[in-house]
Amino acid sequence: MRYFQACFLAIALLANAAAMAAESARRPNLIVLMTDDQRFDSSQAYGAPPMPTPAQDRLGREGAVFRNSFCTTALCAPSRATLLTGQYSSTHGVLNHAKTSDLRADAPFMPELLRQAGYQVVFAGKSHLPSALRNRTWDYITGYIGQGDYHNPMLFEGVSDPPVRCQGYVDDIMTDRVLGWMDRRDAGKPFALFLWLKAPHAPREAPARHANLFTTLDLPLPTTWSDDPLQTWDKPAAFLESDNRIADQQALAEMRRSYWRCLVQVDENIGRLLDRLDRDGLADNSLVMHTSDNGFLLGEFNRFDKRVMHEPSIRIPLLMRWPARIPAGTVVQQMVANVDFAPTLIEAAGLPPDQRMQGHSMLPILTGRQDNWRDELFYEFYDKTGAHKVPYTRGVRTARWKLIEYPETTPVQRELYDLAGDPQERNNRITDPELDDTRRDLMRRLQRLVTTGGARVLAPWRD
Ligand code: SGN
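To start, this report covers the structure provided alongside it. Just so we're clear, the structure is a prediction, and the values are computed from it rather than from any experiment.

**A short note on the overall build of the protein**
Part 1: Of regular secondary structure, the protein possesses 13 helices and 18 strands.
Part 2: The globule rule puts the C-alpha radius of gyration for 463 residues at 23 Å, and the 23 Å found for the protein is close to it.
Part 3: Along the first, second and third principal axes, the C-alpha atoms of the protein reach 90 × 50 × 40 Å.
Part 4: Looking at the protein residue by residue over its 463 residues, the buried ones come to 60%.
Part 5: At a minimum sequence separation of 6, the contacts of the protein that also span at least 24 residues come to 68%.
Part 6: Summing over all exposed atoms, the protein offers an accessible surface of approximately 18,900 Å²; the carbon and sulfur share of this is 52%.
Part 7: Averaged over its 55 positive side-chain charges, the protein has a centre that lies 4 Å from the centre of its 57 negative ones.

Structure representation (structure tokens):
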């Protein structure tokens, strides 16, 4: 009898182990492609940039295009940290680009949660965190400290060796290294791969093969370009006095040329990765997402850069393909934020939600399982001493309205836009008596988000 019981137990254990192995084999690979300062409308999947973008278009066509995707702070390091933790900047602790501004020890670190669940985890490229993520455990990590260089960059591999000078173009090398790792990976385990490219961040240098592109590019001026930008727009001093004005049309033309030139290789490198997934038969059960850390003003209101809460700065591209779960051609209209990305990856990996994360998995809205999605988006910005002198900013955006405030100004300066009638945010209606109720409602929402929204907001609430 004992003998039969033992046999039965052994068979049950084996069956269980086999089921677990099959389950883990089915878990999707997770591939997170990120660029730096890539505008929402810079691929054909969203807009009409001056070059073809076949790889990004393919992701959108074969998966989902999120039409309303936003960052919760438009700055590189805090935004990247939000993707990695599912938390707001003021909660995970990366507020700006100060050398001391790194993740709080108690912040959830999504790649580590995946690693503990059996994923191979790989990071390649720009993190912009002071640690360069070398204080974490990876199956493979390569990248650089801070902004890095485009040409012949100093790159590290592993967590302890010092960076060494490498020949070539940074985003090409990072992609090569990721493809090289794919040759060596353990095919019995799923992987989570973060390939975070440098382009099109300033000082925008394209690879030599594209150096002469767009020399004669002649684009119309942005519709909010003005010959007298300080008088034209009814915006508060906090916005007008930021140091982000483009000198003249010639400077704008040069900025646009270098910006678009830099993005051509981004699509090429994404294409190389997608081709490899095809070749290795991995495409069907891999979730591939492509996004950017923030958007970029490219001449709107005669300005450049990100940081501000206006649409070109906070809107980010988000394409997501996972043929096994997401129907091709899906278009998502709901407002999603980068605080939702980590919870989404965690759910896709089959893990329970991490209660410390402040966003929500987007899988239910992708598969039509959920109607009651967020109807407001919280924004915060804390790099007031960094480049361009943009003051502390916070605000709330709904599908129709946007309230922006600069909490350290006295009296508090604010902007209010009706995005339905004024998507370009030309008319600041903060003092419009017709919108008294709307303004009060948005102020209440913002106060609730600031005081109870879970973010450890730095500037207190003031009426
Ligand atoms: C950094 C900033 C850019 C900024 C340039 C130039 N990037 O590269 O936003 O335009 O400096 O600044 S950041 O995301 O790392 O902050 S300037 O002050 O010299 O014009």
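**Comments concerning the pairing of strand S6 (residues 154-157)**
Side-chain direction in a regular strand flips from residue to residue, so the side chains alternate between the two faces of the sheet.
Part 1: Of the pairings in the sheet, the one linking strand S5 (residues 140-143) to S6 comprises 2 bridges and is antiparallel in character. Counted as the bridge partner of glycine 143 is phenylalanine 156 from S6.

**Some words on the site of the ligand**
Part 1: All residues adjacent to the ligand are His97, His128, Gln147, His201, Phe304, Asp305, Lys306, Arg307, Ala387 and His388.
Part 2: Here histidine 97 contributes a side-chain N or O atom positioned 3.3 Å from an oxygen atom of the ligand.
Part 3: A distance of 2.4 Å separates an oxygen atom of the ligand from a polar side-chain atom of aspartate 305.
Part 4: Relative to its unbound accessible area of 460 Å², the ligand is 63% covered by the protein chains.
Part 5: Residue composition of the shell around the ligand, grouped by class: 2 nonpolar, 5 polar and 3 charged.

**Comments concerning the pairing of strand S18 (residues 413-418)**
Part 1: In terms of residue burial, S18 counts as a mostly covered element, since 5 of its 6 residues are buried.
Part 2: Sheet topology note: the strand S17 (residues 401-406)/S18 ladder contains 6 bridges and is antiparallel. Across the sheet, tyrosine 406 pairs through a bridge with glutamine 413, a residue of S18.
Part 3: Hairpin connection between S17 and S18: a loop of 6 residues separates the two successive antiparallel strands.

**Some points on the pattern of salt bridges**
Part 1: According to the stated counting rule, one finds 36 salt bridges in the structure shown.
Part 2: Of the charged contacts, one joins lysine 126 and aspartate 36 as a salt bridge, the two residues approaching to 2.7 Å between their closest N and O atoms. Residue lysine 126 is found in the loop between strand S4 (120-125) and S5, and its partner aspartate 36 is found in the loop between strand S1 (29-35) and helix H2 (54-62); the two are separated by 90 residues along the sequence. Here the two residues lysine 126 and aspartate 36 agree in accessibility, since each one is buried.
Part 3: The partner of aspartate 293 in a salt bridge is arginine 80, and the shortest N-O contact between them spans 3.1 Å. Separated by 213 residues along the polypeptide, aspartate 293 in the loop between strand S9 (286-292) and strand S10 (297-298) and arginine 80 in helix H3 (residues 76-85) bring together distant segments of the chain. The residues aspartate 293 and arginine 80 share a single accessibility class, namely buried.

**Focus: the sheet that holds strand S15 (residues 377-381)**
Part 1: With respect to topology, 4 strands assemble into an open sheet ordered S15-S16-S17-S18, the strand pairing being antiparallel. Here the strands that pair on one side only, and so sit at the sheet edges, are S15 and S18. Averaged over all pairs of adjacent strands, the angle between their axes in this sheet comes to 10°, without regard to strand direction.
Part 2: In the sheet, strand S16 (residues 393-397) pairs with S17 via 4 bridges, with the strands oriented antiparallel. Bridging across to S17, valine 396 finds its partner in leucine 403.

**Some details on the sheet that holds strand S12 (residues 318-321)**
Part 1: The strand order across the open sheet formed by 10 strands is S7-S6-S5-S4-S8-S1-S9-S12-S2-S13, and the pairing between neighbours is mixed. Each having just a single partner strand, strand S7 (164-165) and strand S13 (330-332) make up the two edges of the open sheet.
Part 2: Two elements, strand S2 (residues 64-66) and S13, share 3 bridges in a ladder whose sense is parallel. Across the sheet, the residue bridging to alanine 64 is threonine 330, located in S13.
Part 3: Strands S4, S5, S6 and strand S8 (191-196) of the sheet are contacted by helix H6 (residues 170-184), whose axis makes an angle of about 170° with S8.

**Observations regarding unusual backbone geometry**
Glycine aside, residues mostly have negative phi angles, and peptide bonds mostly take the trans form.
Part 1: Of the consecutive residues alanine 199 and proline 200, the connecting peptide bond is found in the cis state with omega at 0°.
Part 2: Residue placement: proline 200 occurs in the loop between S8 and helix H7 (229-232).
Part 3: Omega for the peptide link from alanine 202 to proline 203 comes to -5°, which places this bond in the cis form.
Part 4: Relative to the elements of secondary structure, proline 203 occurs in the loop between S8 and H7.
Part 5: With phi around 65°, phenylalanine 214 is a residue other than glycine that occupies positive phi space.
Part 6: With respect to the element layout, phenylalanine 214 can be found in the loop between S8 and H7.
Part 7: Given a relative accessible area of 16%, phenylalanine 214 falls into the buried group.
Part 8: In this structure, asparagine 302 takes a positive phi of about 65° despite not being glycine.
Part 9: Note on asparagine 302: relative accessible area 4%, which makes it buried.

About the cut-offs
- Residues numbered from 1 in each chain as written.
- Predicted model: local features only at pLDDT ≥ 70, side-chain atom pairs only at ≥ 80, totals over all residues.
- Heavy atoms only, no water.
- Helix = DSSP H or I, 4+ residues; strand = E, 2+ residues; numbered from the N terminus.
- Rg over C-alpha atoms; globule rule 2.2 N^0.38 Å.
- Buried < 20%, exposed > 50% of the residue type's maximum accessible area, 1.4 Å probe, protein only.
- Contact = heavy atoms within 4.5 Å.
- Areas by Shrake-Rupley, 256 points an atom, 1.4 Å probe, with all protein chains shown as cover.
- Lys, Arg positive; Asp, Glu negative; His and termini not counted.
- Charge placed at Lys NZ, Arg CZ, Asp CG, Glu CD.
- Pairing = 2+ DSSP bridges.
- Near = heavy atom within 4 Å.
- Polar contact = N/O pair within 3.5 Å; in protein donor to acceptor, adjacent residues only side chain to side chain.
- Nonpolar A, V, L, I, M, F, W, Y, C, P; charged D, E, K, R; others polar.
- Salt bridge = Lys/Arg side-chain N within 4 Å of Asp/Glu carboxyl O.
- Axes fitted to C-alpha atoms, helices over the stretch in contact; angles between N-to-C directions.

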